[in-house]
Amino acid sequence: MTKLSRREFVAGTSSAAAGLLSASASCAGPPSRSETEEPVDAGASRPARPVVVSTWKHGIEANAAAWRVLVAGGRALDAVEQGVRVTELNPKISTVGVGGNPDASGVVTLDACIMDEFGDCGSVACLREIANPISVARKVMENTPHVMLVGDGALEFALEQGFPRTNLLTPESEARWRKWKAADTKKRLEINVENHDTIGMVALDSAGNLSGACTTSGAAYKLPGRVGDSPIIGAGLYVDNDVGAACATGWGEAVIRAVGCHLVVEFMRQGQLPEDACRLAVERVIAKNPDYREIQVGFLALDKSGRHGAYCIQKGFNYAALDDDHENVLIDGEHAI
Ligand code: SD4
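Calculation notes
- The residue count restarts for each chain, going from 1 along the sequence in the order it is written.
- A pLDDT threshold of at least 70 governs which residues receive local features in this predicted model, and a stricter bar of 80 or more applies before side-chain atom pairs are shown or counted, although totals over entire chains, interfaces and linings include all residues.
- Only DSSP runs of H or I covering at least 4 residues are called helices, and only runs of E covering at least 2 are called strands; the numbering of each starts at the N terminus.
- Every C-beta atom is placed from the backbone, and the number of other C-beta atoms within 10 Å of a residue's own sets its class: buried at 20 or more, exposed at 12 or fewer, partly exposed in between.
- What counts as a contact here is a pair of residues whose C-beta atoms, placed from the backbone, lie within 7 Å.
- A pair of strands counts as paired when DSSP detects no fewer than two bridges linking them.
- Orientation is described by axes fitted as lines to C-alpha atoms, over the contacting stretch for helices, and by angles from 0 to 180 degrees between their N-to-C directions.
- Oblique is the label for any angle not under 35 degrees, not over 145, and not in the 65 to 115 range, which are roughly parallel, roughly antiparallel and roughly perpendicular in turn.
- By definition, turning the near helix anticlockwise from the far helix through less than a right angle yields a left-handed crossing, and turning it clockwise yields a right-handed one.
- Note on residue categories: nonpolar means Ala, Val, Leu, Ile, Met, Phe, Trp, Tyr, Cys or Pro, charged means Asp, Glu, Lys or Arg, and polar means any other residue, Gly included.

K.L.:
Which parts of the structure should I look at to understand the overall build of the protein?
P.N.:
Scanning the protein for helices and strands turns up 9 helices and 14 strands. Expressed as a percentage of its 337 residues, the buried residues of the protein come to 56%. Look at the contacts in the protein between residues 6 or more apart in sequence, and 65% of them connect residues 24 or more apart.

Here you go:
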(Lines give C-alpha, C1' and ligand atoms only; values in the text may rest on other atoms or scores of the structure.)
Protein backbone atom coordinates (compact mmCIF):
# COMPACT_ATOMS: atom_id res chain seq x y z
CA MET A 1 0.00 0.00 0.00
CA THR A 2 1.35 3.43 -0.91
CA LYS A 3 0.95 6.16 1.69
CA LEU A 4 1.29 9.72 0.55
CA SER A 5 0.85 13.05 2.17
CA ARG A 6 -1.56 15.15 0.21
CA ARG A 7 1.32 17.45 -0.75
CA GLU A 8 3.30 14.53 -2.14
CA PHE A 9 0.26 13.35 -3.98
CA VAL A 10 -0.31 16.73 -5.53
CA ALA A 11 3.37 17.36 -6.18
CA GLY A 12 3.74 13.99 -7.86
CA THR A 13 6.72 12.87 -5.81
CA SER A 14 5.83 9.21 -6.13
CA SER A 15 5.07 7.14 -9.17
CA ALA A 16 1.50 6.78 -7.98
CA ALA A 17 1.16 10.52 -7.97
CA ALA A 18 3.14 11.30 -11.09
CA GLY A 19 0.15 12.00 -13.23
CA LEU A 20 -1.16 14.56 -10.84
CA LEU A 21 1.28 17.14 -12.04
CA SER A 22 -1.36 18.18 -14.46
CA ALA A 23 -3.87 18.81 -11.70
CA SER A 24 -4.26 21.97 -9.72
CA ALA A 25 -2.19 22.20 -6.56
CA SER A 26 -5.35 22.93 -4.64
CA CYS A 27 -7.01 19.66 -5.54
CA ALA A 28 -6.21 16.06 -4.70
CA GLY A 29 -8.18 14.68 -7.61
CA PRO A 30 -6.96 12.29 -10.29
CA PRO A 31 -4.31 13.64 -12.68
CA SER A 32 -6.34 13.38 -15.81
CA ARG A 33 -8.93 15.76 -14.45
CA SER A 34 -7.51 19.25 -14.65
CA GLU A 35 -9.19 22.15 -12.95
CA THR A 36 -10.37 23.40 -16.29
CA GLU A 37 -12.00 20.20 -17.37
CA GLU A 38 -15.73 20.44 -17.60
CA PRO A 39 -17.78 18.59 -15.01
CA VAL A 40 -19.16 15.27 -16.14
CA ASP A 41 -22.79 15.56 -17.06
CA ALA A 42 -24.86 12.53 -15.99
CA GLY A 43 -26.61 12.67 -19.32
CA ALA A 44 -23.47 13.15 -21.41
CA SER A 45 -22.57 10.48 -23.91
CA ARG A 46 -18.86 10.52 -22.92
CA PRO A 47 -18.35 7.93 -20.17
CA ALA A 48 -17.04 9.21 -16.84
CA ARG A 49 -13.90 7.81 -15.26
CA PRO A 50 -14.81 5.98 -12.09
CA VAL A 51 -13.28 6.93 -8.77
CA VAL A 52 -13.84 5.77 -5.22
CA VAL A 53 -12.63 7.34 -1.98
CA SER A 54 -13.19 6.21 1.60
CA THR A 55 -12.15 7.15 5.09
CA TRP A 56 -9.16 5.79 6.99
CA LYS A 57 -6.72 3.01 6.26
CA HIS A 58 -9.38 0.34 6.13
CA GLY A 59 -10.69 2.22 3.11
CA ILE A 60 -7.96 0.51 1.08
CA GLU A 61 -9.56 -2.95 1.16
CA ALA A 62 -13.05 -1.45 0.94
CA ASN A 63 -12.06 0.55 -2.16
CA ALA A 64 -10.73 -2.62 -3.79
CA ALA A 65 -14.14 -4.27 -3.43
CA ALA A 66 -15.93 -1.18 -4.69
CA TRP A 67 -13.57 -0.95 -7.63
CA ARG A 68 -14.54 -4.42 -8.88
CA VAL A 69 -18.07 -3.09 -9.30
CA LEU A 70 -16.98 0.18 -10.89
CA VAL A 71 -14.60 -1.32 -13.47
CA ALA A 72 -17.30 -3.75 -14.54
CA GLY A 73 -19.41 -0.70 -15.41
CA GLY A 74 -21.56 -1.11 -12.30
CA ARG A 75 -23.50 1.49 -10.43
CA ALA A 76 -21.81 3.62 -7.76
CA LEU A 77 -24.57 2.56 -5.36
CA ASP A 78 -23.59 -1.10 -5.69
CA ALA A 79 -19.92 -0.18 -5.43
CA VAL A 80 -20.25 1.69 -2.14
CA GLU A 81 -22.46 -1.01 -0.64
CA GLN A 82 -20.05 -3.79 -1.64
CA GLY A 83 -17.08 -1.72 -0.52
CA VAL A 84 -18.16 -0.94 3.02
CA ARG A 85 -19.55 -4.45 3.55
CA VAL A 86 -15.93 -5.63 3.55
CA THR A 87 -15.17 -3.35 6.49
CA GLU A 88 -18.35 -4.37 8.31
CA LEU A 89 -17.36 -8.04 8.06
CA ASN A 90 -13.76 -7.58 9.19
CA PRO A 91 -13.73 -8.51 12.91
CA LYS A 92 -10.33 -6.87 13.39
CA ILE A 93 -11.75 -3.40 12.80
CA SER A 94 -13.01 -2.24 16.18
CA THR A 95 -15.14 0.64 14.97
CA VAL A 96 -17.39 -0.87 12.28
CA GLY A 97 -19.70 -3.90 12.09
CA VAL A 98 -18.58 -7.26 13.47
CA GLY A 99 -16.02 -6.70 16.23
CA GLY A 100 -17.07 -3.07 16.67
CA ASN A 101 -16.82 -1.59 20.14
CA PRO A 102 -20.01 -2.02 22.17
CA ASP A 103 -21.94 0.59 24.10
CA ALA A 104 -21.45 1.14 27.83
CA SER A 105 -23.65 -1.87 28.62
CA GLY A 106 -21.62 -4.20 26.40
CA VAL A 107 -24.09 -4.34 23.49
CA VAL A 108 -22.84 -3.60 19.95
CA THR A 109 -25.24 -1.27 18.14
CA LEU A 110 -24.59 -0.17 14.57
CA ASP A 111 -25.49 2.92 12.54
CA ALA A 112 -25.42 3.10 8.72
CA CYS A 113 -26.86 4.97 5.78
CA ILE A 114 -26.70 4.92 2.00
CA MET A 115 -27.68 7.47 -0.65
CA ASP A 116 -27.90 7.21 -4.43
CA GLU A 117 -27.83 9.40 -7.52
CA PHE A 118 -31.56 10.03 -7.37
CA GLY A 119 -31.37 11.44 -3.85
CA ASP A 120 -33.00 8.28 -2.54
CA CYS A 121 -31.66 7.18 0.80
CA GLY A 122 -32.02 4.63 3.56
CA SER A 123 -30.72 4.40 7.09
CA VAL A 124 -30.64 2.25 10.20
CA ALA A 125 -29.59 3.30 13.67
CA CYS A 126 -28.94 1.49 16.93
CA LEU A 127 -29.26 -1.81 15.08
CA ARG A 128 -28.16 -4.94 16.97
CA GLU A 129 -27.12 -8.40 15.81
CA ILE A 130 -26.85 -7.71 12.09
CA ALA A 131 -23.44 -7.90 10.43
CA ASN A 132 -24.17 -5.69 7.41
CA PRO A 133 -26.24 -2.69 8.45
CA ILE A 134 -25.42 -0.96 5.18
CA SER A 135 -27.39 -3.58 3.27
CA VAL A 136 -30.31 -3.22 5.69
CA ALA A 137 -30.17 0.55 5.06
CA ARG A 138 -30.38 -0.16 1.35
CA LYS A 139 -33.43 -2.38 1.91
CA VAL A 140 -35.06 0.43 3.91
CA MET A 141 -34.46 2.68 0.90
CA GLU A 142 -35.73 0.22 -1.68
CA ASN A 143 -38.43 -1.76 0.12
CA THR A 144 -40.13 0.75 2.40
CA PRO A 145 -41.64 4.22 2.03
CA HIS A 146 -39.33 5.39 4.85
CA VAL A 147 -35.78 6.66 5.15
CA MET A 148 -34.79 5.56 8.64
CA LEU A 149 -35.51 2.64 10.97
CA VAL A 150 -34.06 2.36 14.46
CA GLY A 151 -33.57 -0.11 17.29
CA ASP A 152 -36.01 -3.01 17.63
CA GLY A 153 -37.97 -1.98 14.55
CA ALA A 154 -34.81 -1.97 12.45
CA LEU A 155 -33.82 -5.41 13.76
CA GLU A 156 -37.29 -6.83 13.10
CA PHE A 157 -37.19 -5.41 9.58
CA ALA A 158 -33.72 -6.84 8.94
CA LEU A 159 -34.81 -10.30 10.08
CA GLU A 160 -37.93 -10.11 7.90
CA GLN A 161 -35.70 -9.22 4.96
CA GLY A 162 -33.68 -12.37 5.54
CA PHE A 163 -30.58 -11.00 7.28
CA PRO A 164 -29.23 -13.56 9.77
CA ARG A 165 -28.72 -12.80 13.44
CA THR A 166 -24.98 -12.47 14.14
CA ASN A 167 -23.07 -12.10 17.38
CA LEU A 168 -21.20 -8.83 16.80
CA LEU A 169 -19.24 -8.96 20.05
CA THR A 170 -15.95 -10.75 19.41
CA PRO A 171 -13.74 -12.04 22.24
CA GLU A 172 -11.42 -9.09 21.56
CA SER A 173 -14.13 -6.42 21.64
CA GLU A 174 -15.62 -7.97 24.77
CA ALA A 175 -12.20 -8.00 26.47
CA ARG A 176 -11.66 -4.31 25.61
CA TRP A 177 -15.08 -3.45 26.98
CA ARG A 178 -14.47 -5.40 30.21
CA LYS A 179 -11.18 -3.58 30.69
CA TRP A 180 -12.90 -0.25 30.14
CA LYS A 181 -15.68 -1.15 32.58
CA ALA A 182 -13.27 -2.30 35.25
CA ALA A 183 -11.19 0.87 35.07
CA ASP A 184 -11.58 3.65 37.54
CA THR A 185 -14.14 6.05 36.03
CA LYS A 186 -11.53 8.76 35.62
CA LYS A 187 -9.30 6.46 33.64
CA ARG A 188 -12.02 5.15 31.39
CA LEU A 189 -11.38 5.60 27.71
CA GLU A 190 -13.01 8.80 26.69
CA ILE A 191 -14.78 9.32 23.43
CA ASN A 192 -11.96 11.19 21.80
CA VAL A 193 -9.72 11.27 18.78
CA GLU A 194 -8.51 7.74 19.37
CA ASN A 195 -11.62 5.67 19.47
CA HIS A 196 -13.54 6.33 16.33
CA ASP A 197 -12.86 5.15 12.79
CA THR A 198 -16.10 5.00 10.83
CA ILE A 199 -15.99 4.07 7.17
CA GLY A 200 -17.58 6.57 4.85
CA MET A 201 -17.27 5.97 1.11
CA VAL A 202 -18.30 8.02 -1.91
CA ALA A 203 -17.93 6.94 -5.52
CA LEU A 204 -18.44 8.11 -9.09
CA ASP A 205 -19.34 5.47 -11.68
CA SER A 206 -18.74 5.30 -15.42
CA ALA A 207 -22.23 6.66 -16.08
CA GLY A 208 -21.18 9.80 -14.21
CA ASN A 209 -23.37 9.08 -11.20
CA LEU A 210 -22.48 9.51 -7.53
CA SER A 211 -23.48 7.48 -4.48
CA GLY A 212 -22.29 7.16 -0.90
CA ALA A 213 -22.38 4.92 2.16
CA CYS A 214 -21.43 5.36 5.79
CA THR A 215 -21.34 2.67 8.49
CA THR A 216 -20.07 2.49 12.07
CA SER A 217 -20.38 1.01 15.53
CA GLY A 218 -20.23 4.62 16.70
CA ALA A 219 -18.42 6.08 19.63
CA ALA A 220 -16.97 3.36 21.84
CA TYR A 221 -18.84 2.79 25.14
CA LYS A 222 -21.50 5.33 24.22
CA LEU A 223 -24.63 5.59 26.32
CA PRO A 224 -27.08 2.86 25.28
CA GLY A 225 -29.43 4.30 22.67
CA ARG A 226 -26.95 6.92 21.48
CA VAL A 227 -26.98 7.56 17.73
CA GLY A 228 -24.21 9.49 16.02
CA ASP A 229 -24.01 11.32 12.73
CA SER A 230 -23.22 8.31 10.56
CA PRO A 231 -26.83 7.24 9.84
CA ILE A 232 -28.13 10.81 9.60
CA ILE A 233 -28.55 11.91 6.00
CA GLY A 234 -26.95 15.34 5.66
CA ALA A 235 -24.74 14.86 8.72
CA GLY A 236 -22.62 11.72 8.19
CA LEU A 237 -23.32 11.45 4.45
CA TYR A 238 -24.82 13.46 1.64
CA VAL A 239 -25.00 13.00 -2.12
CA ASP A 240 -26.25 15.47 -4.70
CA ASN A 241 -25.76 14.01 -8.14
CA ASP A 242 -25.59 17.48 -9.71
CA VAL A 243 -22.73 18.57 -7.48
CA GLY A 244 -20.85 16.02 -5.39
CA ALA A 245 -20.90 13.77 -2.36
CA ALA A 246 -19.39 13.89 1.11
CA CYS A 247 -18.98 11.65 4.15
CA ALA A 248 -17.83 12.35 7.68
CA THR A 249 -15.89 10.72 10.46
CA GLY A 250 -15.21 11.72 14.01
CA TRP A 251 -17.23 13.02 16.92
CA GLY A 252 -20.76 12.64 15.62
CA GLU A 253 -22.42 15.13 17.92
CA ALA A 254 -20.33 17.93 16.44
CA VAL A 255 -21.04 16.76 12.88
CA ILE A 256 -24.79 16.64 13.52
CA ARG A 257 -24.81 20.15 14.95
CA ALA A 258 -23.26 21.48 11.76
CA VAL A 259 -25.24 19.15 9.42
CA GLY A 260 -21.73 18.60 8.15
CA CYS A 261 -21.94 16.69 4.89
CA HIS A 262 -24.83 18.69 3.53
CA LEU A 263 -22.75 21.76 4.28
CA VAL A 264 -19.76 20.34 2.39
CA VAL A 265 -21.92 19.62 -0.66
CA GLU A 266 -23.46 23.08 -0.50
CA PHE A 267 -19.98 24.62 -0.46
CA MET A 268 -19.12 22.59 -3.56
CA ARG A 269 -22.36 23.81 -5.17
CA GLN A 270 -21.08 27.34 -4.58
CA GLY A 271 -17.95 26.47 -6.56
CA GLN A 272 -15.53 25.31 -3.88
CA LEU A 273 -13.16 22.47 -4.63
CA PRO A 274 -13.71 19.37 -2.48
CA GLU A 275 -10.88 20.06 -0.04
CA ASP A 276 -11.89 23.69 0.37
CA ALA A 277 -15.50 22.68 0.91
CA CYS A 278 -14.34 20.27 3.63
CA ARG A 279 -12.16 22.96 5.19
CA LEU A 280 -15.01 25.44 5.33
CA ALA A 281 -17.24 22.84 6.97
CA VAL A 282 -14.50 22.03 9.53
CA GLU A 283 -14.18 25.76 10.24
CA ARG A 284 -17.91 25.85 10.90
CA VAL A 285 -17.61 22.89 13.27
CA ILE A 286 -14.75 24.62 15.08
CA ALA A 287 -16.72 27.83 15.39
CA LYS A 288 -19.68 26.02 16.91
CA ASN A 289 -17.78 23.69 19.25
CA PRO A 290 -15.64 25.43 21.89
CA ASP A 291 -14.20 22.01 22.82
CA TYR A 292 -12.90 21.42 19.30
CA ARG A 293 -9.36 20.76 20.53
CA GLU A 294 -10.62 17.68 22.32
CA ILE A 295 -12.37 16.15 19.35
CA GLN A 296 -11.72 14.99 15.82
CA VAL A 297 -14.00 15.66 12.87
CA GLY A 298 -13.01 14.91 9.30
CA PHE A 299 -14.85 15.37 6.03
CA LEU A 300 -14.11 13.66 2.71
CA ALA A 301 -15.64 14.92 -0.52
CA LEU A 302 -15.82 13.92 -4.17
CA ASP A 303 -17.22 16.20 -6.81
CA LYS A 304 -19.09 15.48 -10.00
CA SER A 305 -15.84 15.74 -12.00
CA GLY A 306 -14.10 13.09 -9.89
CA ARG A 307 -11.96 15.53 -7.90
CA HIS A 308 -11.59 14.67 -4.22
CA GLY A 309 -10.20 16.12 -1.03
CA ALA A 310 -10.49 16.00 2.74
CA TYR A 311 -10.01 18.20 5.76
CA CYS A 312 -10.13 17.54 9.48
CA ILE A 313 -9.65 19.27 12.81
CA GLN A 314 -6.64 17.33 14.05
CA LYS A 315 -3.71 15.73 12.33
CA GLY A 316 -4.13 12.01 11.77
CA PHE A 317 -7.12 11.62 9.49
CA ASN A 318 -6.45 9.96 6.16
CA TYR A 319 -8.44 8.52 3.30
CA ALA A 320 -8.00 5.91 0.61
CA ALA A 321 -8.38 6.89 -3.05
CA LEU A 322 -8.59 4.73 -6.15
CA ASP A 323 -9.18 5.56 -9.78
CA ASP A 324 -8.09 4.07 -13.07
CA ASP A 325 -4.83 6.05 -13.16
CA HIS A 326 -3.72 5.26 -9.63
CA GLU A 327 -3.18 2.34 -7.36
CA ASN A 328 -5.13 2.47 -4.11
CA VAL A 329 -3.34 5.19 -2.13
CA LEU A 330 -3.71 6.55 1.36
CA ILE A 331 -3.78 10.36 1.51
CA ASP A 332 -3.39 12.46 4.64
CA GLY A 333 -6.18 14.95 5.17
CA GLU A 334 -5.15 18.55 5.70
CA HIS A 335 -5.90 19.67 9.23
CA ALA A 336 -6.90 22.80 11.07
CA ILE A 337 -4.75 22.49 14.21
C1 SD4 B 1 -20.11 8.58 15.58
N2 SD4 B 1 -19.06 9.59 13.67
O3 SD4 B 1 -20.82 7.66 15.93
C4 SD4 B 1 -19.22 8.35 14.38
C5 SD4 B 1 -17.96 7.74 14.79
C6 SD4 B 1 -16.89 7.87 13.77
O7 SD4 B 1 -14.87 7.60 12.93
O8 SD4 B 1 -16.94 8.54 12.84
N9 SD4 B 1 -15.83 7.31 13.84
O10 SD4 B 1 -20.02 9.65 16.16
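We are not done yet, so read on.
K.L.:
What's the story with the pairing of strand β11 (residues 308-312) in this structure? I'm lost.
P.N.:
Side chains on a regular strand alternate between the two faces of the sheet. Where burial is concerned, most of β11 is hidden: 5 out of the 5 residues are buried. What you see with β11 is no split at all: H308, A310 and C312 on one side and G309 and Y311 on the other are buried throughout. With 5 bridges joining them, strand β10 (residues 297-303) and β11 adopt antiparallel strand pairing. Among the inter-strand pairings, A301 is bridged to a residue of β11, identified as G309. Following β10, the chain reverses through 4 residues before pairing antiparallel with β11; G306 in that reversal takes a positive phi of roughly 90 degrees. Here β11 pairs with strand β14 (residues 334-335) via 2 bridges, running parallel. Bridging from a neighbouring strand, Y311 pairs with E334 of β14.

K.L.:
Is there a simple way to explain unusual backbone geometry in this structure?
P.N.:
Across the chain, the bulk of peptide bonds are trans and the bulk of non-glycine residues have phi less than zero. Even without being a glycine, W56 presents a positive backbone phi close to 65 degrees. Among the secondary structure elements, W56 is positioned in the loop between β2 (51-55) and α2 (59-71). Positive phi is not limited to glycine here, since C126 has a value of about 55 degrees. Within the element layout of this structure, C126 appears in strand β4 (residues 121-127).

K.L.:
I'm lost on the environment of G333 in this one. Help?
P.N.:
By secondary structure assignment, the location of G333 is in the loop between β13 (326-332) and β14. Residues G333 and E275, 58 residues apart in the sequence, show an inter-C-alpha distance of 8.7 Å. Those residues in contact with G333, other than ones at most four positions away along the chain, are G298, A310, Y311, C312, F317, N318 and Y319.

K.L.:
Please explain the sheet that holds β10 as it appears in this structure.
P.N.:
Pairing between the strands of a sheet comes from backbone hydrogen bonds, and it takes one of two forms, parallel or antiparallel. Ordered in space as β8-β9-β10-β11-β14, the 5 strands form an open sheet in which the pairing is mixed. In the strand order of this sheet, the two ends are held by β8 (237-240) and β14, each with one partner. Relative to strand β9 (residues 244-250), β8 is paired through 4 bridges, and the arrangement is antiparallel. Residue Y238 lies in a different strand from β9, and its bridge partner there is A246.

K.L.:
Would you mind showing me how to read the packing of helix α8 (residues 260-269) against helix α9 (residues 274-288) here?
P.N.:
A pair of packed helices is captured by two measures, namely the crossing angle of their axes and the spacing between those axes. Where α8 contacts α9, the two axes come as close as 8 Å, and the packing angle between them is 135 degrees. Taken together, the axis directions place α8 and α9 in an arrangement best described as oblique. Of the two possible hands of crossing, α8 and α9 adopt the one that is right-handed. Residues G260, L263, V264, F267 and M268 of α8 pack against P274, A277, C278, L280, A281, R284 and V285 of α9. For the contact of α8 with α9, the class distribution of residues is 10 nonpolar, 1 polar and 1 charged.

Read these as geometric descriptors, not functional statements.
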